[in-house]
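What the coordinates show
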Amino acid sequence: MTTVAESPSAVAVHRPLVLRRPTATTGAWSWFTTVDHKKIGIMYGALALVFFLIGGIEALLIRVQLFQPNGTVLTAGQYNQLFTMHGTTMVFLVGMPMAVAFGNYFVPLMIGARDVAFPRLNAFGFWVVAAGGVFLYSSFFLGGAPDGGWFGYTPLTSTPIDAGFLPGRGPDFWAVGIIMLGIGSTTSAINFIATILNLRAPGMTLMRMPVFVWMMLVVAFLTLFAMPIITVALIMVFTDRNFDTTFFLATKGGDPLLYQHLFWLFGHPEVYILILPGMGIVSETLPVFSRKPLFGYAVVVFSGIAIGFLGWGVWAHHMFATGLGPVAIAAFGLSTMLIAIPTGVKIFNWLGTVWKGSVRLTTAMLFSLGFIAMFTLGGLSGVLHSIVPSDTQQTDTYFVVAHFHYVLVGGLIFAVFGGMYYWLPKVFGRMLDERLGKVNFWTFLIGFNLTFFPMHLLGLYGMPRRTYRYDSGLGWDGMNQIVSVGAFIIALSTLLFVVNVIVSIGLKRGAVAGNDPWDGRTLEWSISSPPPEYNFAEVPEVESRDDFWHRKYTEDDHGHLLPLPSGGAETAATQHSAAAHETGGHGIHMPSPSIYPLVLALGLLPIGYAAVFKSWVPLIIGVVVLAFGMYAWGIEPATDES
Amino acid sequence: MSTVEQSAEVGGSTSTPVPSHDGGGGAHGHDPHATATGVTNTKLAMWLFLSSDCLFFGAFIAAYLLYRGRPGQVGPSPSDLFDIPFTSATSFILLMSSLTMVLALAAIQRGDHRRVRIWLLATALLGATFIGGQVFEFTEFTREGLTVSESVFGSTFYLLTGFHGAHVTIGIIWLLSLWGLSNAGRLEQGDSERVEIAGLYWHFVDVVWIVIFTVIYLVPQPGS
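Each value, and the rule that gives it
- Numbers given for residues are sequential positions, taken from 1 along each chain in its written order.
- Ligands are numbered from 1 and chains lettered from A, in the order in which they are written.
- Residue-level local features of this predicted model are given only where pLDDT is at least 70; pairs of side-chain atoms are given and counted only at 80 or more, and the full residue set underlies all totals for whole chains, interfaces and linings.
- Helical segments are the DSSP runs of H or I of at least four residues, strand segments are the runs of E of at least two, and each set is numbered from the N terminus.
- Here a residue counts as buried when 20 or more other C-beta atoms sit within 10 Å of its C-beta, as exposed when there are 12 or fewer, and as partly exposed otherwise, the C-beta atoms being derived from the backbone.
- Contact criterion: two residues are in contact if their C-beta atoms, reconstructed from the backbone, are within 7 Å.
- Throughout, the radius of gyration refers to the C-alpha atoms, and the reference size of a globule is 2.2 Å times the residue count to the power 0.38.
- All domain edges in this entry derive from an automatic or database-based domain assignment.
- Think of pLDDT as the predictor's per-residue confidence, scored from 0 to 100.
- Under the convention used throughout, the expected extent of a helix is 1.5 Å for every residue step, that is, one less than its residue count.
- For helices, the fitted line uses only the C-alpha atoms of the stretch in contact; every axis is such a line through C-alpha atoms, and the angle between N-to-C directions lies from 0 to 180 degrees.
- Each angle gets one of four labels, with under 35 degrees taken as roughly parallel, over 145 as roughly antiparallel, 65 to 115 as roughly perpendicular, and the rest as oblique.
- With the far helix as reference, a near helix turned anticlockwise by less than a right angle produces a left-handed crossing, and one turned clockwise produces a right-handed crossing.
- Residues are grouped as follows: nonpolar covers Ala, Val, Leu, Ile, Met, Phe, Trp, Tyr, Cys and Pro; charged covers Asp, Glu, Lys and Arg; every other residue, Gly included, is treated as polar.

So, on to the overall build of chain B. Tallying secondary structure elements over chain B gives six helices and zero strands in all. Helices and strands appear in chain B in the N-to-C order α-α-α-α-α-α. For chain B, the residues scored as buried account for 46% of the 224 residues in total. Counted over contacts in chain B with a minimum sequence separation of 6, partners at least 24 positions apart contribute 70%.

Regarding its fold elements, chain A presents 19 helices and two strands. For 642 residues, the compact-globule formula gives about 26 Å, and the C-alpha radius of gyration of chain A, at 25 Å, lands near that figure. Along the first, second and third principal axes, the C-alpha set of chain A runs to 70 × 65 × 50 Å. Buried positions account for 57% of the 642 residues belonging to chain A. Considering only contacts within chain A whose residues lie at least 6 apart along the sequence, 82% involve residues at least 24 apart.

As a measure of interface size, the accessible area lost when the parts come together is often cited. Residue and element names in this part refer to chain A. Domain boundaries assigned for chain A yield domain 1 (1-33 + 592-642) and domain 2 (34-513). Averaged C-alpha coordinates put domain 1 and domain 2 at centres separated by 32 Å. Of the residues lining the interface, 19 residues belong to domain 1; the matching set on domain 2 comes to 18 residues. Going through the elements one at a time, α2 (30-33) and α18 (596-613) are the ones with two or more residues in the side of domain 1 that touches domain 2.

All names here are of chain A. Looking at the secondary structure, you find Ala340 in helix α10 (residues 326-354). A tally of 16 C-beta atoms within 10 Å means that Ala340 is categorised as partly exposed. Taking the C-alpha atoms as reference points, Ala340 and Phe221, separated by 119 residues in sequence, lie 20 Å from one another. Leave out the neighbours within four places in its chain, and Ala340 touches Gly379 and Val383.

Here we come to the confidence of the model for chain A. The pLDDT averaged across chain A works out to 92; a share of 93% of its residues lies at or above 70. Confidence drops under pLDDT 50 across residues 567-574 of chain A; counting only partners more than four residues distant or on other chains, this segment forms 13 contacts.

Helix length check: helix α14 (residues 434-460) of chain A (27 residues) gives 39 Å between terminal C-alpha atoms against 39 Å at 1.5 Å per residue, within 8%. Just downstream of α14(A), A:Gly462 is the residue with a positive phi angle, here 100 degrees.

Residue placement: B:Gly190 occurs in the loop between α5 (152-183) and α6 (192-218). Here the alpha-carbon distance between B:Gly190 and B:Arg110, two residues 80 residues apart in the chain, equals 10.0 Å.

A few words now on the environment of A:Glu636. Along the chain, A:Glu636 turns up in the segment after α19 (616-635). A C-alpha to C-alpha distance of 23 Å links A:Glu636 and A:Asn198, two positions 438 residues apart in sequence.

Residues and elements named next belong to chain A. The omega angle of the peptide bond from Thr154 to Pro155 is 0 degrees, so this bond is cis rather than trans. Note on placement: Pro155 falls in the loop between α5 (119-138) and α6 (170-198). In this structure, the amide linkage connecting Ser529 to the following residue, Pro530, adopts the cis form with an omega of -10 degrees. Its location among the elements puts Pro530 in the loop between α15 (477-506) and α16 (547-552). For Arg291, which is not glycine, the phi torsion reads 50 degrees and is therefore positive. Summarising the element assignment, Arg291 is placed in the loop between α8 (256-290) and α9 (297-310).

For α6(A), spanning 29 residues, the distance from its first C-alpha to its last is 42 Å, which sits close to the expected 42 Å at 1.5 Å a residue. In terms of residue burial, α6(A) counts as a mostly covered element, since 29 of its 29 residues are buried.

Residue and element names in this part refer to chain A. Packing of helix α4 (residues 76-111) against helix α13 (residues 398-428) brings their axes to within 11 Å, and their N-to-C directions diverge by 30 degrees. In terms of orientation, α4 and α13 fall into the roughly parallel class. Taken as a pair, α4 and α13 cross one another with a handedness that is left-handed. Contacts between α4 and α13 involve Gly95, Met98, Phe102, Tyr105 and Phe106 from the former and Leu408, Leu412, Val416, Gly419, Trp423 and Val427 from the latter. Partitioning the contact of α4 with α13 into residue classes produces nine nonpolar, two polar and no charged.

The next subject is the packing of helix α11 (residues 363-386) of chain A against α14(A). All names here are of chain A. Put simply, α11 and α14 touch, their axes get as near as 10 Å, and they point 10 degrees apart. When the axes of α11 and α14 are compared, the pair comes out roughly parallel. Taking contact as the criterion, the partners of Thr363, Leu366, Phe367, Gly370, Met374 and Ser381 in α11 are, on α14, Glu434, Gly437, Lys438, Asn440, Phe441, Leu445, Phe448 and His456. Looking at the contact of α11 with α14 residue by residue, the classes come out as six nonpolar, six polar and two charged.

The subject of this paragraph is the confidence of the model for chain B. The predicted model of chain B has a mean per-residue pLDDT of 86, with 84% of residues at 70 or higher. Below a pLDDT of 50 lies the segment residues 1-33 of chain B, which in the model reaches 104 contacts outside its immediate sequence neighbourhood of four places, other chains included.

Okay, structure coming up:
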């Protein structure tokens, strides 16, 4: 480690090699150089929200096309691009970054840390994901977007471009873009694990951690082990397309099924990467709005870990129709049934939490309850897929589309909305409007079910996925119209949310949140809203699970809550602000801003284009920028002492 | 890539023990066990990265094993190409570089900067010798007709060993960078963790080679 503090001359030696150190912590430029986990969390959230709107527009175009039989709005090629990009966007640019957004902002606050373990690596992860998003979407203007489906099955995607299977460079953009996004999510996974394991406040033992933190830890491990597998699969697709390797070329002994194994060995853990953060969010909101501790904390935690392990043993249930043979099919059918157990256990834990609680039906609570109901429906149709004959019938129909939208929208997105209403007051210091919020919830719930419930029936009636039009007279017409209307209700509801954010937070019409608007249980509610840059003026000493709650309340002999006179929210808040005032935050050294995370991410971008267009110039530019960024990063001290 | 985060002390002016927020706690005289696990952030991060990299090589090795000895492949077969004594020699050289790596770490922990530089350079040179052997081997095999597009053997062989070679090359650049830092007098005894982290990576790459060498060169091909 460069011992900056000990030898001031060393600082002078460093200077010539690095760009001038950015110092601004406010203003537009500060967002490009920030290493503050809270600002990076906000940027992740904004990015995910923007891509949620883009992916939503793609979905609406699909539904306009399918509103009636023999739709003419889109060509087959356009339709392929739209459903491919819709799936890719929602998984890699909405679901994963949204979870990372919540994790970035709240994991350090919930464990009593001042930042993450690697602040600059954190910024790098964000910029890579942003660059990957720009890269993927630039394909629309550079000869056509990816059009081989979000899972890009071979040999369709791996056949060289001149064979004419898929026109354009879409699959190249897709392979390279997802590898880039994988770099971003791997770095953020490493960061989460190091932060959660290493930076917990004194007394914050693992079994005192909020469940959301636990779930982010499991997700980080899943990401860490799943991303390299998809990276290898994508490298093979890319080299098959561009360098005539034969990984998936049957005439040279290659096996296209290998791709499916690799993809789903990543893809099924990926499902849990997407849903576990949502489970973590509702495990925070349900206790707060029921004024009860989470029912069976340890069981919820261990169920999450069990899902993390079992998630690696179920991938082939995505491939039951490929002829794996009876033994493999039976084994994967059983393991798929098995994973429903820890998932089901959690649902009972959440119900047990709400049971006999003093429930407050805030918008956040409504979305959390909606999560339980909708996710249960999605889980039930999932169990159907473990029954192989049933799955073989449903494969590649709209039944599957219905299933995973119930899990991912009914699960993740409901939890995300709940988390937004719950936590945005902490992030921006203003409450979101509850009346608008409730309209947001009910329209979303109605729109969601109108959109996705009829898809079950459409699937059972035999409507295949990924077809850009269908004939009339198959009994699908009416339900497709309902689905399309439902999709627009979802869009309207999402717009209501955006309006709510703009009015309540942007225009500052929302009520001032204060430190602890929900009578919360976890440490983030013990500090001001928005939190100071250094989070905690004094690092908290944690004595129990739901530590902040126990600072506020005790129980009498009959189990009734009694507010503690001295440890109440206001007092704790005053103490904190007093301590912060004393030092003015000046005594706390936070990591200094840095430009190099952005430089490194920008170096990856031309390399991506070089790979797609097989051009040397951008490759050299990218490598030079990358090398410069790495060395400058390595030499730059993380904290400027001056 | 030197993802070695440098010291970032987020210590407060309070008396509360703060989890040290840096890579190598020792530099600031903190208790190295200041992190909740006792492992420094940087070392933990390197272990995590390596665990992830295991899956990267694992997927390529799985593909190699799946395609091993597939019937109907044209072009030269492994038994036509492999020169086991030659590859054993370069493998031995690579494994010896782990020894010099350990000596480099021991040297910096003692503060013997001259030997640090010698052993870092020796490790890099041994690694470069291995890469030289790989380049020779690739050239030779290509001349004998094995290309990436010839058969699944060619594709899996070149990509698996090629990505391993790329890992070794990155390791060499890393070692030379540390050597340069040491020459500039900026690799202090207190920075020994930087060498240790590079060493973790280097040993990992060696261990992966043991697996690859065994799987590709030593285990006989079915039907050959």
